[in-house]
Amino acid sequence: MLAGAAVVPVAACDLLQDSTPEPPPAPSADELLVDRLTSAIRRTRAVAAASAGAGRSLVAVHDAHLAALGAPAPSSSTSPTATATPAPRTTGQVRAAEVRLEARLTEAAGRAEDGDLARLLASMAASLAQHVAVLPGRAAR
Amino acid sequence: MTSGSPSASPSASAEGSPLQAALAAEHAAVYVYGILGGRTSRGDAPALYDALRSAYETHRARRDHVQSLVADTGEDPVAADPAYLTPAGIGSANGVRRAALDLERSCAETYAWVVSRTAGADRSWAVNALKDAAVRELAFGGTPQTLPGVR
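Here the structure is a predicted model, which means the values were calculated and not measured.

A. Region of the structure containing the pattern of salt bridges. Residues and elements named next belong to chain B. The full count for this structure, using the stated rule, is 11 salt bridges over all chains. Glutamate 57 is the partner of arginine 53 in a salt bridge, and the nearest nitrogen-oxygen pair spans 3.2 Å. Of this pair, arginine 53 and glutamate 57 both sit in helix H3 (residues 46–72), four residues apart, which is roughly one turn of that helix. The partly exposed category is assigned to arginine 53, whose relative accessible area is 42%.

Right, dumping it as structure tokens:
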């Protein structure tokens, strides 16, 4: 009897422990880095998407880069609840945004802890450097 | 005699360190650009000539730089091979352009690999070398890629 009484509380305690969700592990430095870069790529993509000219070709590049980072690309369809259409962006504005993102990716490639992630980020920066070089209005570097 | 293009599998050809792989790639690039420049007329193809000259000078400076980086680690810098295979089909300006494009693509692959295996200042240097190779591809008829240097 005593033995049985002793077992019950222990079992209940185990049940309580099992039902308590484990706190999610803290994101790693690389996961935080990817999160921040994903946001930056989405912002830059929005600038390219609002371009009427050659800058629009960069939307597909950004979508591919988001996919490589494991992030879904933003929907290209216009939401019916959207209240404002983004102002058209000039090629110069697109270039400035791409150059900023390239610098950010370059810096992130140097900081990534995982070597394969560093390679991916460096390659993405190199891709943007190529695309910026062929944007009209300025001689290639 | 070694292939004129830096190896696409640097780990197989390098003598250990990523910097040695970069140095081996730069030895090959300097050699091949010397050949390509010798096949190009400044009068007939001035833009190509200038692009080849710029590439040659950049790779030579980078070779010297990475050589000193390797020496600073206490390793013996890998030496250049006595000769490299001359790229095929370089009897015309288009052929030279194509060979230079292949060379820069191989360098981009090498530097992407070096990026993945280094840290700190060495990695930052390799990132910039990758970007330079990627942009230089455009001078030889290349088009922007989604992930240059990564297959």
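Moving on from the coordinates now.
B. The arrangement of helix H2 (residues 18–38) of chain B in detail. The end-to-end C-alpha separation of H2(B) is 30 Å, in line with the 30 Å expected for 21 residues at 1.5 Å each. The buried fraction of H2(B) is high, at 15 of 21 residues.

C. Here's a closer look at the environment of Arg104(A). All names here are of chain A. By the secondary structure assignment, arginine 104 is in helix H4 (residues 91–111). Relative accessible area serves as the criterion here: at 33%, arginine 104 is assigned to the partly exposed category. For the pair formed by arginine 104 and alanine 40, sequence separation is 64 residues and the distance between their alpha carbons is 8.6 Å. Discounting chain neighbours no more than four positions away, the residues touching arginine 104 are Arg36, Leu37, Ala40 and Arg43.

D. Representation of the packing of aromatic side chains. Residues and elements named next belong to chain B. Under the counting rule described, the total for this entry stands at three aromatic pairs over all chains. With a centroid separation of 6.2 Å and 35 degrees between ring planes, the pair formed by tyrosine 33 and phenylalanine 140 is classed as tilted. Placement of tyrosine 33 in helix H2 and of phenylalanine 140 in the segment after helix H5 (120–139) is noted, with a sequence separation of 107 residues between them. Comparing tyrosine 33 with phenylalanine 140, the two get one shared label, buried. Centre to centre, the rings of tyrosine 111 and tryptophan 125 are 5.5 Å apart; their planes meet at 80 degrees, and the pair counts as edge-to-face. In this pair, tyrosine 111 is assigned in helix H4 (residues 93–116) and tryptophan 125 in helix H5, connecting sequence segments 14 residues apart. Relative accessible area serves as the criterion here: at 16%, tryptophan 125 is assigned to the buried category.

E. View of the interface of chain A and chain B. Each partner contributes residues to the interface: chain A has 27 residues there, and chain B has 20 residues. With both chains or domains summed, chain A and chain B bury close to 1800 Å², and 66% of this area falls on carbon and sulfur atoms. Of all residues in chain A, the largest losses of buried area upon contact with chain B belong to Arg119(A), Ser123(A) and Gln130(A), amounting jointly to 35% of the total for that side. With its nearest N and O atoms 2.9 Å apart, the salt bridge here joins Glu102(A) to Lys131(B). Across the contact surface, chain A and chain B share 12 residue pairs in polar contact (both at pLDDT 80 or more). Within the residue set of the side of chain A that touches chain B, elements represented by two or more residues are helix H3 (58–68), H4 and helix H5 (115–134) of chain A. Per element, the largest residue contribution to the side of chain A that touches chain B is 16 residues, and it comes from H5(A). Here the residues of the side of chain A that touches chain B are counted per class, giving 12 nonpolar, eight polar and seven charged.

F. Representation of the side chain of Ser51(A) in the model. Residue and element names in this part refer to chain A. Position of serine 51 relative to the elements: it lies in the loop between helix H2 (29–49) and H3. By relative accessible area, which is 3% here, serine 51 ends up buried. In terms of polar contacts, serine 51 uses its side chain to reach the backbone amide nitrogen of glycine 53, at 3.1 Å. Setting aside chain neighbours within four positions, we find serine 51 in contact with Arg56, Arg89 and Val94.

G. Fine view of the nonpolar core. Grouped together as the largest cluster of nonpolar side chains are 68 residues, with contacts concentrated most on Leu121(A), Leu36(B) and Phe140(B). Residue contacts for Phe140(B): discarding those within four places in its chain leaves Tyr33(B), Leu48(B), Ala51(B), Leu52(B), Ala55(B), Arg97(B), Ala100(B), Leu101(B) and Glu104(B).

H. A look at the packing of H2(B) against H3(B). Residues and elements named next belong to chain B. The interhelical angle for the contact between H2 and H3, taken along N-to-C directions, is 150 degrees, at an axis separation of 8 Å. One element, H2, and the other, H3, form an angle in the roughly antiparallel class. The two elements H2 and H3 meet at a crossing, and its hand is left-handed. Judged by residue contacts, Leu19, Gln20, Ala22, Leu23, Glu26, His27, Ala29, Val30, Tyr33, Gly34, Leu36 and Gly37 of H2 engage Tyr49, Leu52, Ala55, Tyr56, His59, Arg60, Arg62, Arg63, Val66, Gln67, Leu69 and Val70 from H3. Classifying every residue of the contact of H2 with H3 by side-chain character gives 14 nonpolar, six polar and four charged.

Rules used in this analysis
- Residues numbered from 1 in each chain as written.
- Chains lettered and ligands numbered in written order.
- Predicted model: local features only at pLDDT ≥ 70, side-chain atom pairs only at ≥ 80, totals over all residues.
- Heavy atoms only, no water.
- Salt bridge = Lys/Arg side-chain N within 4 Å of Asp/Glu carboxyl O.
- Helix = DSSP H or I, 4+ residues; strand = E, 2+ residues; numbered from the N terminus.
- Buried < 20%, exposed > 50% of the residue type's maximum accessible area, 1.4 Å probe, protein only.
- Expected span 1.5 Å × (residues − 1).
- Contact = heavy atoms within 4.5 Å.
- Phe/Tyr/Trp six-rings, centres within 6.5 Å; stacked < 30°, edge-to-face > 60°.
- Buried area = accessible area lost by both parts, 1.4 Å probe.
- Polar contact = N/O pair within 3.5 Å; in protein donor to acceptor, adjacent residues only side chain to side chain.
- Nonpolar A, V, L, I, M, F, W, Y, C, P; charged D, E, K, R; others polar.
- Core = buried A, V, L, I, M, F, W, Y, C linked by side-chain atoms within 4.5 Å.
- Axes fitted to C-alpha atoms, helices over the stretch in contact; angles between N-to-C directions.
- Parallel < 35°, antiparallel > 145°, perpendicular 65-115°, else oblique.
- Left-handed = near helix turned anticlockwise from the far one by under 90°.

It is worth stressing that arrangement in space is one thing and function is another; only the former is reported here.
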